[in-house]
Amino acid sequence: MIDTVDLRKSISIEDDNIIKDIKSKSIDKLKLSYKKYKEEYKYTPLLRNIEKKFGSFNSSKNIKKVDSYKDLISTNDKYYIVTLNGTFIENLSKIPNGIDIKNLKDLSKNEQNIFIHSYSKIDDSIDDIFSSINSILHSNCLTFRIKKSTILKEKISIINIVDSSKPTYFRKCFIIDKNSEVSFSEEFINITKDGNFSNSVNEIYMDENAVLNYFSTQNINKNYHYNSINVFQKRNSTSNFHTYSFSGSIIRNNLNIKLLDKSCFANMYGFYAIKNGSHIDNHTSVDHLDENSISNEHYKGIVDNGSNGVFNGKIFVRQKAQKTNAFQSNNNILLSDNAKVNTKPQLEIWADDVKCSHGCTVGQLDDDALFYLMSRGISRKDAISLLLSAFSTDITEKIEDKEIREEYQLMILKELEGLNYE
Amino acid sequence: MLEIKNLHASIDNTKILNGLDLSVNAGEVHAIMGPNGSGKSTLASVIAGREDYDVTDGEINFQGNELSDIGPDERAREGIFLAFQYPVEIPGVSTTNFMKTAVNQIRESKGEKPLDAVEFLKLMKEKMKLVNIKQELLSRSINEGFSGGEKKRNEIFQMAMLNPKLSILDETDSGLDIDALKIVSKGVNALKSKENATVVVTHYQRLLEYIVPDFVHVLMDGKIVKSGDKNLALELEEKGYDWIKVKN
Ligand SMILES: Nc1ncnc2c1ncn2[C@@H]1O[C@H](COP(=O)(O)OP(=O)(O)OP(=O)(O)O)[C@@H](O)[C@H]1O
Ligand SMILES: [Mg+2]
């Protein structure tokens, strides 16, 4: 069990009483979330790995020089937000009009109240020990306010730099006001060579008619990463999540969507191509609390020799949520006898007038198709690439923006080259 | 061109080909007939290099090279083409993209420059006309949702695109209506030359009226048990395969 004395000490330096109070409540919840850990992390021994590797959950308080990180920003990005070990680096960021990005502590009392109201209130910290730890140990929540009726067609990149030999904590809270539309892509870039741990929790509040596109790209080699995204949707809002994972010692993704109101729309799409002994765990849940909402979920993945995939998808349809449509599927290709996938759908339905479907498959590369392609003169390697990238098109074609879609298709082609098959 | 001697092949420890001999020269058309399950498709797959089959004895020579260590991709580049009895559906890959990859990999293996988009399109248009296949079909996923006849036509289209030396057509005629049969035969005949050879596997004498064979072979129990000219096909149609069994 985690040393709470140490954690209590770490929050004693907190000068804001409200935040201190929230944090100390999170400490009280630890016992509960630790209990749930055993069940929720059955196939993903993240806690053991982190304790063994880092000894303590505490992060480093050293502030690094930031100029050297400039090169990490892609020249393709029009707008970007840079954080370093969880701290917002404003002078490296470029923020479009219509959106306010500030540290929670730097907000006016008025603005703060709006965020505090949502902040740390209904995240998954009662269920997940890593979210609890994040709630306690993150130093400053970065707030995003997308103002009413702001339509931002250009995507905003969130570049999180991890440069620390101690665990790092990233905390963000988004409020997307009525009738706004915005797209983010988020990525974690690891600078240290010897393996680090980044723990990120995002809370996203979507008001009526808001539209959000959210892309995550995960390619972190020998590092550990915990990522929890918690979404709360109001009437007629639409969220589209696209999660692409390629490597990581252990990556755990929690994506939890609550459809609080009528006529919400949630889409969760994921693709993983896991190699070099990586372990990638996608845990998702969508909770239909009111009538007439639609959720679509489709994750597909390719797992190579010695790598591990985990998928767990929960769908809740509450009694009030009549006329719900909820679809879920997860398809996997294992490239060797030594590749593993654990996939589990979980449906809990209390309403009677609903349409739900779920299904998962675990298969191999289609030998007949491979022979067919090769019999036309295509090399084995290229034939496999063609088949695997075809396998991913179901997911990439869900990206509406042509430029972004092609960017991901190219990325996948490149990542497929690195897969080991027998 | 193709010289098969004493070929023995098995799959999952089941022996299917039992000492098969066959010799095909450039410029010739051979027909292979035989009852269901006698090993015709197996022979076709083994020639094309399908790795699931174990060749336990004998050899296949193609243009003087022994093929045993050569994969299906290299065999295709050497000029072997198999029109599948059951063409495979491949979701997510269009025939156009597939053919572009194939044509250019074959060209590169010969040290030729890959075709650019315009050249490729021109080649495609020309071959589409030959087998009367629509562009729309080719931009869809390979064979996915194609009718039986469309799949067969797609096979001949691919054959035309790759311009092989040895074409093996495994029951390309089955499932075709009369008009389609004519179109497909016309395509095959148009591609025929002194330098290449065709092996057609069929159950029906009808096809052989359009693609006239120089030799007809009967394959039974994994062996060629009888060979003759095109009249053998007529005789088979009349008397069935029992007639050969009895004679042996
Ligand atoms: N994987 C396998 N394991 C065992 N037997 C197999 C396997 N694959 C094919 N066979 C058998 O091999 C035999 C030859 O099959 P093949 O497809 O070559 O026949 P064919 O002459 O082409 O028949 P048809 O006229 O019906 O197309 C059949 O008896 C078939 O059941
Ligand atoms: Mg057959």
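Small disclaimer: the values here were computed from a predicted structure and weren't measured. (Residues numbered from 1 in each chain as written. Chains lettered and ligands numbered in written order. Predicted model: local features only at pLDDT ≥ 70, side-chain atom pairs only at ≥ 80, totals over all residues. Heavy atoms only, no water.)

**Looking at the overall build of chain A**
Looking only at helices and strands, chain A features eight helices and 19 strands. Against the compact-globule benchmark of 22 Å for 422 residues, chain A has a radius of gyration of 21 Å, which places it among compact chains. In terms of overall dimensions, chain A has a C-alpha envelope of 70 × 50 × 45 Å along the principal axes. Counting only residues that meet the buried cut, chain A has 58% of its 422 residues in that class. Counted over contacts in chain A with a minimum sequence separation of 6, partners at least 24 positions apart contribute 84%. Counting every atom, chain A has about 17700 Å² of accessible surface; 47% of that belongs to carbon and sulfur. (Helix = DSSP H or I, 4+ residues; strand = E, 2+ residues; numbered from the N terminus. Rg over C-alpha atoms; globule rule 2.2 N^0.38 Å. Buried < 20%, exposed > 50% of the residue type's maximum accessible area, 1.4 Å probe, protein only. Contact = heavy atoms within 4.5 Å. Areas by Shrake-Rupley, 256 points an atom, 1.4 Å probe, with all protein chains shown as cover.)

**A closer look at the site of ligand 1**
Residue and element names in this part refer to chain B. Residues in close proximity to ligand 1 total 15 residues, the closest being Gly37, Lys40, Ser41, Thr42 and His203. At a separation of 3.2 Å, an oxygen atom of ligand 1 approaches a polar backbone atom of serine 38. Contacts to ligand 1 include lysine 40, whose side-chain N or O atom sits 2.8 Å from an oxygen atom. Burial of ligand 1 by the protein amounts to 64% of the accessible area it has alone, namely 650 Å². When residues of the shell around ligand 1 are assigned to their parent elements, the largest contribution, three residues, is made by helix α1 (residues 40-48). Within the shell around ligand 1, the residues separate by chemical class into three nonpolar, nine polar and three charged. (Near = heavy atom within 4 Å. Polar contact = N/O pair within 3.5 Å; in protein donor to acceptor, adjacent residues only side chain to side chain. Nonpolar A, V, L, I, M, F, W, Y, C, P; charged D, E, K, R; others polar.)

**Things to note about the interface of chain A and chain B**
A common measure of how large an interface is: the accessible area buried when the components associate. Every contact between the two is made by 18 residues of chain A and, on the other side, 32 residues of chain B. Considering only the side of chain A, the residues that lose the most area to chain B are Phe371(A), Tyr372(A) and Arg376(A), jointly responsible for 41% of the buried surface there. The interface formed by chain A and chain B holds two salt bridges in total. The salt bridge partner of Glu155(B) is Arg376(A), with a shortest N-O separation of 2.7 Å. Here chain A and chain B share 11 residue pairs in polar contact (both at pLDDT 80 or more) between them. Among the elements of the structure, α6 (367-374) and α7 (380-396) of chain A are those that each provide at least two residues to the side of chain A that touches chain B. A total of seven residues in the side of chain A that touches chain B trace back to one element, the largest contributor, which is α6(A). Within the side of chain A that touches chain B, the residues separate by chemical class into nine nonpolar, four polar and five charged. (Buried area = accessible area lost by both parts, 1.4 Å probe. Salt bridge = Lys/Arg side-chain N within 4 Å of Asp/Glu carboxyl O.)

**Things to note about a negative patch on the surface**
All names here are of chain A. A contiguous patch of negative charge, built from Glu400, Asp401, Glu403 and Glu407, is present on the exposed surface. Relative to the helices and strands, glutamate 403 resides in helix α8 (residues 402-417). Overall, the relative accessible area of 67% leaves glutamate 403 in the exposed class. (Patch = residues over 30% accessible without salt bridge, like charges linked within 9 Å, V, L, I, M, F, W, Y side chains within 5 Å. Lys, Arg positive; Asp, Glu negative; His and termini not counted. Charge placed at Lys NZ, Arg CZ, Asp CG, Glu CD.)

**Side note on the coordination of the magnesium ion (ligand 2)**
As a benchmark, a tetrahedral metal site with four donors has ideal angles of 109.5 degrees, while an octahedral site with six donors has ideal angles of 90 or 180 degrees. The coordination sphere of the magnesium ion (ligand 2), as far as protein atoms go, consists of Ser41(B) (OG) and Gln85(B) (OE1), spread over 2.0 to 2.1 Å. In this pair, Ser41(B) sits in helix α1 while Gln85(B) sits in the loop between β6 (80-83) and β7 (90-94), placing the two residues 44 residues apart along the sequence. (Donors = N, O, S within 2.8 Å, 3.2 Å for Na, K, Ca; no water.)

**Considerations on helix α2 (residues 17-40) of chain A**
Residues and elements named next belong to chain A. End to end, α2 covers 32 Å across 24 residues, agreeing with the expected 34 Å (1.5 Å per residue, within 8%). Taking the largest bend as the criterion, α2 deviates by roughly 40 degrees, centred on lysine 29. Of the residues making up α2, those classed as buried are Ile19, Ile22, Lys23, Ser26, Ile27, Leu30, Ser33 and Tyr37. For α2, the N-terminal capping position is held by aspartate 16, with its side-chain oxygen 2.9 Å away from the main-chain nitrogen of isoleucine 18. (Expected span 1.5 Å × (residues − 1). Bend = angle between axes of the 7 residues up to and from the residue.)

**Some thoughts on the pairing of strand β12 (residues 250-259) of chain A**
Residues and elements named next belong to chain A. Within β12, eight of the 10 residues are buried, which leaves the element mostly enclosed by the surrounding structure. By the bridge criterion, 10 bridges tie strand β10 (residues 224-233) to β12 in an arrangement that is parallel. Across the sheet, residue phenylalanine 232 finds its bridge partner in β12, namely lysine 258. With nine bridges joining them, β12 and strand β14 (residues 279-288) adopt parallel strand pairing. (Pairing = 2+ DSSP bridges.)

**Focus: the sheet that holds strand β11 (residues 215-220) of chain B**
All names here are of chain B. Within the open sheet, the six strands sit side by side as β6-β9-β10-β3-β11-β12. Their pairing is mixed. Across the chains shown, the open sheet's two edge strands, defined by having one partner strand only, are β6 and β12 (223-228). The average undirected angle you get between the axes of adjacent strands in this sheet is 20 degrees. Pairing of β11 with β12 involves five bridges; the strand directions are antiparallel. In the sheet register, methionine 220 faces β12, and the bridge partner there is lysine 223. (Axes fitted to C-alpha atoms, helices over the stretch in contact; angles between N-to-C directions.)

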